[in-house]
Amino acid sequence: MEKNEILKKAQAQRGADELEAHVKDRSSAVAISVGFIVCIAVVICKQVAHLPSDDVFMVYWTMFSAVNFYQWYRLRKRKDLGFGISGAALAAIHGVRLFGSLFG
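Model, not experiment: these values are computed from the prediction.

Some points on the overall build of the protein
From N to C terminus, the protein includes three helices and zero strands. The order of helices and strands in the protein, counted from the N terminus, is α-α-α. Looking at the 104 residues of the protein, the share that counts as buried comes to 19%. Within the protein, contacts between residues at least 6 apart in sequence are counted, and of these 44% link residues at least 24 apart. In the form shown here, the protein has an accessible surface area of approximately 8,000 Å², with 67% of it arising from carbon and sulfur atoms.

Here it is as structure tokens:
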């Protein structure tokens, strides 16, 4: 195999890897956005029925914080750490309220 062929194959593979990483990043953002929309719809239905919605908020904020903690772990951006901590705190607040209403 010639040097040029090897170089072309390596560049093609790198391009494919970058595309795959971009698609994974974008799919994560889409999943969080769709999850948020579904959570809002469920919360509205629960509010109309006069039911508590802490369970939905706890699940959403847990997903949100997990995504941000992972991004912080990989990229070391303070913003991601701050969002992760904030999301985890909100998930904990809703979890305490949920379990307090269930077992309190």
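So, next bit.
Regarding the packing of aromatic side chains
Scanning the model with the defined rule gives six aromatic pairs in all. With centroids separated by 5.2 Å and ring planes inclined at 70°, the aromatic side chains of Tyr60 and Trp61 adopt a geometry described as edge-to-face. An aromatic cluster of three or more residues is present, and its members are Phe36, Tyr60, Trp61, Phe64 and Phe83. Looking at Arg76, its charged tip hangs above the ring of Trp72, at a distance of 4.4 Å from the centre.

With respect to helix 2 (residues 54–75)
The end-to-end C-alpha separation of helix 2 is 31 Å, in line with the 32 Å expected for 22 residues at 1.5 Å each. Taken together, the buried positions of helix 2 are Asp54, Val56, Met58, Tyr60, Phe64, Ser65 and Asn68. Positive backbone phi, approximately 60°, marks Arg76, located one or two places after helix 2.

Remarks on the pattern of salt bridges
Pairs may arise between side chains of opposite charge once their charged atoms sit close together. Under the defined criterion, the tally for this structure stands at three salt bridges. Close ionic contact of Lys46 with Asp55 constitutes a salt bridge, the shortest N to O distance being 2.8 Å. The class for Lys46 is buried, based on a relative accessible area of 16%. Ionic pairing is found between Lys79 and Asp80, a salt bridge with its closest N-O pair at 3.7 Å. A residue is classified by how much of its surface remains accessible, and Asp80, at 2% relative accessible area, is buried.

About the criteria used
Residues numbered from 1 in each chain as written. Predicted model: local features only at pLDDT ≥ 70, side-chain atom pairs only at ≥ 80, totals over all residues. Heavy atoms only, no water. Helix = DSSP H or I, 4+ residues; strand = E, 2+ residues; numbered from the N terminus. Buried < 20%, exposed > 50% of the residue type's maximum accessible area, 1.4 Å probe, protein only. Contact = heavy atoms within 4.5 Å. Areas by Shrake-Rupley, 256 points an atom, 1.4 Å probe, with all protein chains shown as cover. Phe/Tyr/Trp six-rings, centres within 6.5 Å; stacked < 30°, edge-to-face > 60°. Lys NZ or Arg CZ within 6 Å of the ring centre and 35° of its normal. Expected span 1.5 Å × (residues − 1). Salt bridge = Lys/Arg side-chain N within 4 Å of Asp/Glu carboxyl O.

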